[in-house]
Amino acid sequence: MTDGASKTGPFKGHHREQRPMQNRTYTADADPGETVTVAGWVHEIRDLGGIAFLILRDKTGKLQIKFEKDEMDDDLVETGLGVHRESVVSVTGRVEEEPRAPTDVELVPDSVDVLAEADPELPLDPSGKVEAELPTRLDNRTLDLRKPEVKAIFEIRAEILRAVRDYFRSVGCTEINTPKIVATGTEGGTELFPITYFGQEAFMNQSPQLFKQLMVGSGLERIFEVGPIFRAEEHNTPRHLNEATMIDFESSFIDHNEAMDVCEGTLKAAYEGVAENCQEQLDRLGYEEFETPDGDFPRLTYEEAIERVNATGELDEQLVWGDDLSTEAEKALGDDIGGHYFITDWPSEIKPFYIQDYDDDPDLSKGFDLMHPRMELVSGGQREHRYDELVTGFEQQGLDPDQFEYYTKMFKYGMPPHAGWAYGVERVVMTMLDLPNIREAVLFPRDRQRLSP
RNA sequence: GCCCGGGUGGUGUAGUGGCCCAUCAUACGACCCUGUCACGGUCGUGACGCGGGUUCAAAUCCCGCCUCGGGCGCCA
């Protein structure tokens, strides 16, 4: 940038007071010998009498600020030690090497500015001396995310999304966005949130399924989307949300086996990204060793899966062909396998209409699920791309094809064979970090009871 | 949708009929303390979700309401 350009910008060089943050130094970058201005939150004040320490916290860590009462200006001491915890301050002073300080450096202040005073009684304690329950934490998410271990979850979540996006690009995908306000549901089964759209009945979208299929028939061919989905089920569990974030993938000219390859690739990329780039966050969360999945994920057919569940002897009643896997069955199988695995070749009748059946066995579908030992992560499959078969599938599942004409119509104009899948970001975060509740993996969860904040 | 459990100071808890004008920790207020790092010490402020009932006596038992969490189903 030239001098001339900089003078026309929002921050003019000779008005330093208009950009106080420009000169801010992160606590982690405060090196001995420098005079710096740091800014952040008052984590704690330890007043020992003649000497007192203010611990300042910012996004990079904590820095100790020393106040020697007899040797320093009274106003400075009064301002620095008179603030409540979690107030926002900026402090200018000299950084000194000090082996007795927690980080081996401390700041000797010349001036302290209180930018925002905090109320003395906090709804939760960011220093973590006293635990808070999840509802209290969610009601006060701003304070909650001042805790380094809570912040770490969302830094890791961001890294998962980065790694997944990079992986998708590496296999030739284009990122798309599809509408979240829609006229009809996807599968007809799940409850939708009804809304009014200029006087017309409409719904919050339950899944990008139909839209992403329409796009594999477009010139884009191979696409992914990261976006919200909305489901009006009144479930109350630690693994369901009414608004979740889905990672959807769909590609032309691949089958369900190749779709599983991509699925496995994205998940491994997510684990590897976190292992490579989030060691500090993992440390904060207390991970001794973070294991990335190695080797190929086992691919069990549905038939093999129910046989294996029955062989564990964990279930009171044996599964028979055609049964869906109950939560109990999923857990028994997950314990038995001990890692991620696919279940393939599901009975057609428990998979949606858009999943293709085997030509030589119409009772068997090319649908698959990716499972973590704790829960289902992904649902996907080879799609039905043939117009006549698709419309027949609608009718067999009791759906009216006319309602989905915008979708089926495009299958008349050259829809290539295609396959894809979708997984829930929150479930990936939750299983990766072994979080007890899916609400931990969302900043502001929407569940049966919670609409605010 | 069906079923189960819980709500005690700001926060997290102890207390299952009288021992409770309610325990402990932390926070908050006051005072003491020159190397803390969950700083320490002394003193103090502060709560039984709401309404009704049973009982000589209710935080505790019963009913209704509000509210939160969990199990199943279904799903990601």
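A brief look at the structure comes next.

The rules behind each value
Residues numbered from 1 in each chain as written. Chains lettered and ligands numbered in written order. Predicted model: local features only at pLDDT ≥ 70, side-chain atom pairs only at ≥ 80, totals over all residues. Heavy atoms only, no water. Helix = DSSP H or I, 4+ residues; strand = E, 2+ residues; numbered from the N terminus. Buried < 20%, exposed > 50% of the residue type's maximum accessible area, 1.4 Å probe, protein only. Contact = heavy atoms within 4.5 Å. Areas by Shrake-Rupley, 256 points an atom, 1.4 Å probe, with all protein chains shown as cover. Lys, Arg positive; Asp, Glu negative; His and termini not counted. Charge placed at Lys NZ, Arg CZ, Asp CG, Glu CD. Near = heavy atom within 4 Å. Polar contact = N/O pair within 3.5 Å; in protein donor to acceptor, adjacent residues only side chain to side chain. Nonpolar A, V, L, I, M, F, W, Y, C, P; charged D, E, K, R; others polar. Core = buried A, V, L, I, M, F, W, Y, C linked by side-chain atoms within 4.5 Å. Salt bridge = Lys/Arg side-chain N within 4 Å of Asp/Glu carboxyl O. Pairing = 2+ DSSP bridges. Axes fitted to C-alpha atoms, helices over the stretch in contact; angles between N-to-C directions. Phe/Tyr/Trp six-rings, centres within 6.5 Å; stacked < 30°, edge-to-face > 60°. Lys NZ or Arg CZ within 6 Å of the ring centre and 35° of its normal. Parallel < 35°, antiparallel > 145°, perpendicular 65-115°, else oblique. Left-handed = near helix turned anticlockwise from the far one by under 90°.

Let's shift gears to the overall build of chain A. If you tally the helices and strands in chain A, you get 13 helices and 18 strands. Residue burial in chain A is summarised as follows: out of 453 residues, 49% are buried. In chain A, the proportion of contacts linking residues at least 24 apart, taken out of those at least 6 apart, comes to 65%. Only carbon and sulfur atoms are counted for the fraction: they give 46% of the accessible area of chain A, which is about 22,600 Å². Across chain A, 46 positive and 91 negative side-chain charges occur, with their mean positions spaced 6 Å apart.

Taken together, the neighbourhood of RNA strand B is formed by 55 residues, with Glu44, Arg46, Asp47, Pro102 and Thr327 sitting nearest. Each atom of RNA strand B within 4 Å of the protein belongs either to a base or to sugar and phosphate, the latter forming 60%. Between RNA strand B and Gly50 there is a distance of 2.6 Å, counted from a phosphate oxygen to a backbone nitrogen or oxygen. Measuring from a phosphate oxygen of RNA strand B, one finds a side-chain N or O atom of His84 at 2.8 Å. For the surface near RNA strand B, the class distribution of residues is 18 nonpolar, 14 polar and 23 charged.

Counting residues in hydrophobic clusters, the biggest one holds 50 residues, and the most contacted among them are Ile160, Phe168, Ile247, Trp421 and Met432. Sorting the residues of this core by element identifies helix H5 (148-170), strand E10 (222-230), strand E11 (243-252), helix H7 (256-277), strand E16 (367-372), strand E17 (375-382), strand E18 (418-424) and helix H13 (425-432) as the ones contributing at least two each. Counting residues in each nonpolar core, the second largest holds 21 residues, with Ile65, Phe67, Val89 and Val91 among its members.

So, about the environment of Tyr407. Among the secondary structure elements, Tyr407 is positioned in helix H12 (residues 405-408). Taking relative accessible area as the criterion, Tyr407 reaches 0% and is therefore assigned buried. The sequence separation of Tyr407 and Phe211 amounts to 196 residues, and the corresponding C-alpha distance is 7.9 Å.

What follows is about the side chain of Arg427. Along the chain, Arg427 falls in helix H13. Of the buried charged residues, Arg427 lacks a salt bridge, with Glu376 as the closest side chain of opposite charge at 5.4 Å. Here the side chain of Arg427 touches Glu376 through a polar contact of 2.9 Å, landing on its backbone oxygen. For Arg427, the residues in contact, after removing those within four places along its chain, are Arg239, His240, Met375, Glu376, Leu377 and Ile438.

This paragraph deals with the pattern of salt bridges. Under the defined criterion, the tally for this structure stands at 38 salt bridges. With its nearest N and O atoms 2.9 Å apart, the salt bridge here joins Glu98 to Arg100. Here Arg100 falls in the exposed class, since its relative accessible area comes to 74%. A salt bridge links Arg386 to Asp359; the shortest N-O distance between them is 3.4 Å. Here Asp359 lies in the loop between strand E14 (357-358) and strand E15 (361-365) and Arg386 lies in the loop between E17 and helix H11 (387-396), a separation of 27 residues in the sequence. Within this structure, Glu159, Arg162, Arg165, Asp166, Arg169 and Glu175 form a network of salt bridges that share partners.

Further remarks concern the environment of Leu138. Among the secondary structure elements, Leu138 is positioned in helix H3 (residues 134-139). Using a relative accessible area of 3% as the deciding quantity, one classes Leu138 as buried. Excluding residues within four positions of it along the chain, Leu138 makes contact with Arg439, Leu443, Pro445, Arg450 and Pro453.

Taken together, eight strands build an open sheet; the order of strands is E6-E10-E11-E18-E17-E16-E13-E12 and the sheet is mixed. The two strands at the open ends of the sheet, each matched to only one other strand, are strand E6 (174-175) and strand E12 (299-301). Pairing of strand E13 (residues 341-344) with E16 involves four bridges; the strand directions are antiparallel. Paired with Phe342 across the strands is Leu370, a residue of E16. On the sheet, helix H10 (residues 327-337) packs against E12, E13, E16 and E17 and is oriented at approximately 130 degrees with respect to E13.

Bringing the packing of aromatic side chains into the picture now. All chains considered together, the criterion is met by 19 aromatic pairs. Both rings, one in Tyr302 and one in Trp346, keep their centres 5.4 Å apart while their planes meet at 40 degrees; by these two values the pair is tilted. Here Trp346 lies in the loop between E13 and E14 and Tyr302 lies in helix H9 (residues 302-312), a separation of 44 residues in the sequence. Each member of the pair Tyr302 and Trp346 is classed as buried. One aromatic cluster is present, formed by Phe353, Tyr354, Phe394, Phe404, Tyr407 and Phe411 through successive ring pairs. When the ring centre of Phe297 is taken as reference, the NZ or CZ atom of Lys268 above it lies at 5.2 Å. Just above the ring of Trp346 sits the side chain of Lys351; from NZ or CZ to the centre is 4.9 Å.

Further remarks concern the pairing of E13. Side-chain alternation along E13 places Tyr341 and Ile343 on one buried face and Phe342 and Thr344 on a second face that is also buried. Looking at chain direction, E12 and E13 are connected through three bridges and run parallel. The residue of E13 that forms the bridge with Thr301 is Thr344.

For strand E3 (residues 61-68) and strand E5 (residues 105-116), the ladder comprises two bridges, and the chain directions are parallel. Counted as the bridge partner of Ile65 is Leu107 from E5. As defined by bridge partners, strand E4 (residues 88-97) adjoins E5 across 10 bridges and the pair is classed as antiparallel. Pairing of Val88 across the sheet is with Ala116, part of E5.

What follows concerns the packing of H5 against H13. Their axes nearest at 10 Å, the elements H5 and H13 cross at an angle of 120 degrees. With respect to H13, the axis of H5 lies oblique. With respect to the hand of their crossing, H5 and H13 are arranged in right-handed fashion. Contacts between H5 and H13 involve Ile153, Ile156, Arg157, Ile160 and Leu161 from the former and Val425, Glu426, Val428, Val429 and Met432 from the latter. Residue classes in the contact of H5 with H13 are distributed as eight nonpolar, no polar and two charged.

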